[in-house]
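# Topology and contacts: notes
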Amino acid sequence: MLKLIHADLYRIFHRFYFYTMMAALSGLCILLVTVMKSNGFGTVSVAWKFFLSILIYPVFLLPMLTGIVAGEENRNHTLKNTVSFGVSRPVLYLSKTFSTILLGVVLMAVVLGVYCGFSFLTMTRDSAFSSGFIQDFAARVASVCLVYMAAIAISIFFTAIFRRNSLSIFLFYGVFFFTDSLFKLLHQTDLNIFLLKTQIFRIESVPVVQLFQPVLISLGTLAVFTVLGMAWFRRSDIS
Amino acid sequence: MNETVIQTRDICKTYGKFSAVSNLNLQVSRGDIYALVGQNGAGKTTLLKLICGLTPASSGELEFFGYREERQIGRARSKMGCMIETPGFFPYLSAKENLECYRIQRGIKDAGCVDRALQFVGLADTGRKKFKNFSLGMKQRLGLALAVLNDPDLLILDEPINGLDPMGIKEFREILMKLNREKKTTVLISSHILGELSQIATVYGFIRGGELMEHLSAQELQEKCRKYLLLNVDDAQKAAAVLKNQPGCAFSVEDQNTLHVRQGYEKPELLVQALVKNGVMVSQVYRSGMNLEQYFVSLMEGKKHA
């Protein structure tokens, strides 16, 4: 498993595209902080709170990460090189999930570091910016990272089933963003609580002690989609 | 006794109602260069994919290096190198980076194996050139480099010489023969270029409609394709009685009018003279024989062979 992840990271870190994505997102963070500051929202606590209000947007980037890790293997027909070497398919599937998560963690760390660091260095540290505030912020960010991990599991699942990158991305967005609309049509809005999208919005607003719910739902989603994906991948044809 | 490297027993692969491979029994022994010969869509690639674990079998059994259990077969596959269909690599990496990626993935500790594999296939001087800029022949060579990266006991190659230039084909042939001779590497190869196969193969498997029609050693094939003198006569039995008395003459009666003389026909006019003298009417006499391509074509057409 570690060797597979190591190989994935080796090729991804040899790719210009990944660094471009990282630089673009970092640039966006700097631009955001600069715009906020120039519009009078010049305190660190406001900037960090604002970050919590835009946690849904990184979800749009997740299929790009799964695309780099798993989608590319489908497109370039490279999975056959790994499977024919006798690597267990469930292990290979798990390694793709972990590689994507690791990549996401690296990207999140850089983006968060740039955003928080730049705002910390350039903005006023008001009285609201306390150690308690930082702990609250960290807890919410950690929780949303789990939601992103679960979303990665869904994205990898669709990538494994639908080899075509565009179709798997389309389905991922559909499932992630429009399932609540489907529940509404079916008069089953009670089920919305199990959706990752709902949990992302809850993470921003609920008290920290209630963050266990998004954590549990994320872990459940992660487990279900990983097991389903492994079962599918175990019997699928590799081209 | 020859050690069996690959053995399939009634292996089948169906896609819906279409049967790509049906009840196929294949045996490849250690040291063989086994040529899988068949038309497009005959099931060659599907069979190779079944052996490589790229597609699960619908039924039947696969024995690999003596193992039958799925997990053990998986482990044994690490002794195999393969190239199925077109070589798949990451387009934004160079040849060395691509192989390095697989070296890490396969846990090969010897970092020098990458350079050796590239040297082996003549790609050592490609530098930072990315895979996406490679010619088809270079891609094929890199595919072969990956196949030999882990110093395999078994090589499975599907149409490996497609896209290679004549020099490349020659070098490729020499590489395979060298691996087979020096490292006793077993090779299972499919190709449409029959002339090339006939220069390296030690065993042939002819496949059609997903079924193995014939399995022959190179000697057996040579025997079947060997040159002979065809005699068309009015009475083959009468002619046989005459030919029995001719010194060094070996023949077979094919039907009531045809005989194939395989030995002792250096001077056919003497045979004809003897036949005529004994009252046998000879209507046709000519030398015949087949190469691998002709044999394959006649087999596919269902003709009877000499």
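Residues numbered from 1 in each chain as written. Chains lettered and ligands numbered in written order. Predicted model: local features only at pLDDT ≥ 70, side-chain atom pairs only at ≥ 80, totals over all residues.

### A word on the sheet that holds strand E7 (residues 186–190) of chain B
All names here are of chain B. Strand order in the open sheet formed by six strands is E5-E6-E7-E3-E8-E9, with mixed pairing between adjacent strands. Of all strands in the sheet, those bounded by a partner on one side alone are strand E5 (80–83) and strand E9 (211–217). Going from strand to strand, the sheet's axes swing by 15° on average, the running direction of each strand aside. Its contacts with the sheet place helix H8 (residues 218–225) against strand E8 (203–208) and E9, and it is angled at close to 95° to E9. In this fold helix H11 (residues 292–300) packs onto strand E3 (33–38), E8 and E9, with an angle of close to 35° to the strand it touches most, E8. (Pairing = 2+ DSSP bridges. Helix = DSSP H or I, 4+ residues; strand = E, 2+ residues; numbered from the N terminus. Axes fitted to C-alpha atoms, helices over the stretch in contact; angles between N-to-C directions. Contact = placed C-beta atoms within 7 Å.)

### Focus on the nonpolar core
Counting residues in hydrophobic clusters, the biggest one holds 118 residues, and the most contacted among them are A:Ala151, B:Ala145 and B:Ile156. Apart from the residues within four sequence positions on either side, B:Ile156 is in contact with B:Leu48, B:Ile51, B:Cys52, B:Met80, B:Cys82 and B:Leu188. Core analysis: the second largest hydrophobic core is formed by 14 residues, B:Val233, B:Leu243, B:Phe251 and B:Leu275 among them. (Core = buried A, V, L, I, M, F, W, Y, C linked by C-beta atoms within 7 Å. Buried ≥ 20, exposed ≤ 12 C-beta atoms within 10 Å, placed from the backbone.)

### With respect to the interface of chain B and chain A
Contacts between the two partners involve 28 residues from chain B, matched on the other side by 23 residues from chain A. Those elements giving two or more residues to the side of chain B that touches chain A turn out to be helix H2 (70–76), E5 and helix H3 (95–106) of chain B. No other element matches H3(B), which puts six residues into the side of chain B that touches chain A. Partitioned by chemical class, the residues of the side of chain B that touches chain A number 16 nonpolar, eight polar and four charged. (Nonpolar A, V, L, I, M, F, W, Y, C, P; charged D, E, K, R; others polar.)

### Quick look at unusual backbone geometry
Residue and element names in this part refer to chain B. Here the phi dihedral of Glu85 falls at roughly 55°; this positive angle occurs in a residue that is not glycine. Relative to the helices and strands, Glu85 is located in the loop between E5 and H3. Looking at Glu85, the number of C-beta atoms within 10 Å reads 16, which means it is partly exposed. Phi is positive for Lys184, which is not a glycine, with a value near 55°. Among the structural elements, Lys184 can be located in the loop between helix H6 (166–182) and E7.

### Details of the confidence of the model for chain B
Residue and element names in this part refer to chain B. Residues with a pLDDT of 70 or more make up 97% of chain B, whose mean pLDDT is 85. Mean pLDDT per element in chain B: H11 is the minimum at 74, and H3 is the maximum at 93. Here the predicted complex carries an ipTM of 0.85, next to a pTM of 0.83. (pLDDT = per-residue confidence, 0-100.)

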